[in-house]
Amino acid sequence: MTIKSHERILMTGAAGNLGKAMRSRLKANCNMLRLSDRLAFDGEAQDGEEIMLADLGDAQAVLQLVQGVDAIVHFGGVSVEGPFNPILNANIVGIVNLYEAARQHGVKRVVFASSNHVTGFYRQSETIGVDCAPRPDGFYGLSKAFGEDVARFYFDRYGIETACVRIGSSFPEPRDRRMLASWLSYGDLYRLVTACLTTPVLGWSVIYGMSDNAVTWWDNTGARHIGYVPQDSSDAFRDAVFARTSAPDTSDPTVQFQGGAFVRMGPFS
Ligand code: 15L
């Protein structure tokens, strides 16, 4: 399998944690990596990179941003739970702007950073598959569920293929006991994005973004066609995480539900 699958890839959210972690890695997947975020970010464009800033809520700016690319890795937008208006602009208006631009410019493949918060109100005692009904745990999760539906519509109507990657917790290490189940290493995130970019037939697919953790709430069996094989695991961090955290209160909703702290945030008005 050749990793360099595309001529020019657009990566939105380049200034965020995942964007920063994927920047150097994704250069191997294309001849030119177009990096974008809303505001200027550190670091000049290096060899094989170009930088274009755009507010995802601005349809004209997004139309220009997408011109000339042949795949999109969409990490951009609001990435945590919070008040509705910023989420409305970046994640709801923004995703429609992105797919409209993809349609107009003939882009045929998108890797969409969805989130485990689409299904955050399932219990930690349940294992769910990629075809389970959404149970969003807030405005942020709702916006990602909407994004998945937008992606599905643009596949059914216009043939744009998308992997909706319901990312768990992608950090250098699991930070707490919940993340022992939800952790996705940066190495596995890159392997997963690469699989989504290179699998011959992607269609419209949902896959949970997780490493090979012993404890998990998610079953990716229905996404085998993507060919993602995780190589890391939270298990190596388990003893250390247990040693520095106290036993959870199992009556606490943030412990009962998969979405963790997000399930108790808000209301914001
Ligand atoms: C997410 O979707 C967030 O972007 C991230 O900051 C984490 O909070 C993660 O979910 C998680 O559930 O741990």
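Structure shown above.
Residues numbered from 1 in each chain as written. Predicted model: local features only at pLDDT ≥ 70, side-chain atom pairs only at ≥ 80, totals over all residues. Heavy atoms only, no water.

Moving on, we get to the environment of Ser 143. With respect to the helices and strands, the residue Ser 143 is situated in helix H4 (residues 139–158). C-alpha of Ser 143 to C-alpha of Arg 8: the two residues are 135 residues apart in sequence and 27 Å apart in space. Discounting residues that sit within four places of it in the chain, Ser 143 has contacts with Ile 87, Asn 91 and Ile 92. (Helix = DSSP H or I, 4+ residues; strand = E, 2+ residues; numbered from the N terminus. Contact = heavy atoms within 4.5 Å.)

Turning our eyes to something else, we now look at H4. With 20 residues, H4 should reach 28 Å at 1.5 Å per residue; the first-to-last C-alpha distance of 28 Å fits that figure. Those residues of H4 not exposed but buried are Tyr 140, Gly 141, Ser 143, Lys 144, Ala 145, Gly 147, Glu 148, Val 150, Ala 151 and Tyr 154. Buried residues belonging to H4 abut helix H3 (84–105), strand S5 (109–115), strand S7 (161–167) and strand S8 (204–209). Gly 159 sits one or two residues past H4 and shows a positive phi near 75 degrees. (Expected span 1.5 Å × (residues − 1). Buried < 20%, exposed > 50% of the residue type's maximum accessible area, 1.4 Å probe, protein only.)

All right, on to the side chain of Asp 188 then. Topologically, Asp 188 is positioned in helix H6 (residues 186–198). A residue is classified by how much of its surface remains accessible, and Asp 188, at 0% relative accessible area, is buried. Only 2.9 Å separates the side chain of Asp 188 from the side chain of Arg 191, close enough to count as a polar contact. Beyond its immediate chain neighbours, meaning those up to four positions away, Asp 188 contacts Ser 211, Asp 212, Tyr 228, Pro 230, Gln 231 and Asp 232. (Polar contact = N/O pair within 3.5 Å; in protein donor to acceptor, adjacent residues only side chain to side chain.)

The next subject is the pairing of strand S1 (residues 6–12). When a strand is regular, its side chains alternate between the sheet's two faces. Here S1 lies mainly inside the structure; 5 of its 7 residues are buried. As paired strands, S1 and strand S2 (residues 30–35) are joined by 5 bridges and run parallel to one another. If you follow His 6 over to S2, its bridge partner there is Cys 30. Running through helix H1 (residues 17–26), the crossover from S1 to the neighbouring parallel element S2 is right-handed. By the bridge criterion, 4 bridges tie S1 to strand S4 (residues 71–74) in an arrangement that is parallel. Note that in S4 the partner of Met 11 across the bridge is Val 73. (Pairing = 2+ DSSP bridges. Right-handed = clockwise from strand over helix to strand, strands pointing away.)

Moving on, we get to the site of the ligand. Taken together, Ser 79, Val 80, Ser 115, Asn 116, His 117, Tyr 140, Gly 168, Ser 169, Arg 178, Met 179 and Phe 262 make up the full set of residues near the ligand. Within the side chain of Asn 116, a nitrogen or oxygen atom sits 3.0 Å from an oxygen atom of the ligand. The contact in question runs from an oxygen atom of the ligand to an N or O atom on the side chain of His 117, over 2.7 Å. Here the ligand loses 82% of its free accessible area of 320 Å² to cover by the protein chains. Looking at the shell around the ligand residue by residue, the class counts come to 4 nonpolar, 6 polar and 1 charged. (Near = heavy atom within 4 Å. Areas by Shrake-Rupley, 256 points an atom, 1.4 Å probe, with all protein chains shown as cover. Nonpolar A, V, L, I, M, F, W, Y, C, P; charged D, E, K, R; others polar.)

Now for helix H2 (residues 59–66). The complete set of buried residues in H2 reads Ala 61, Val 62, Leu 65 and Val 66. One side of H2 carries all its buried residues, which in axial view fall inside an arc of 125 degrees. In H2, the exposed positions that point more than 90 degrees away from the buried face belong to Gln 60 and Gln 64. Looking at the buried residues of H2, the elements they touch are S1, S2, S4 and H3. Where H2 begins, one side-chain oxygen reaches toward the backbone nitrogen of Gln 60, 3.1 Å away; that side chain belongs to Asp 58. Once H2 finishes, Gly 68 follows within two positions and takes phi at roughly 90 degrees, a positive value. (Arc of directions from axis to C-beta.)

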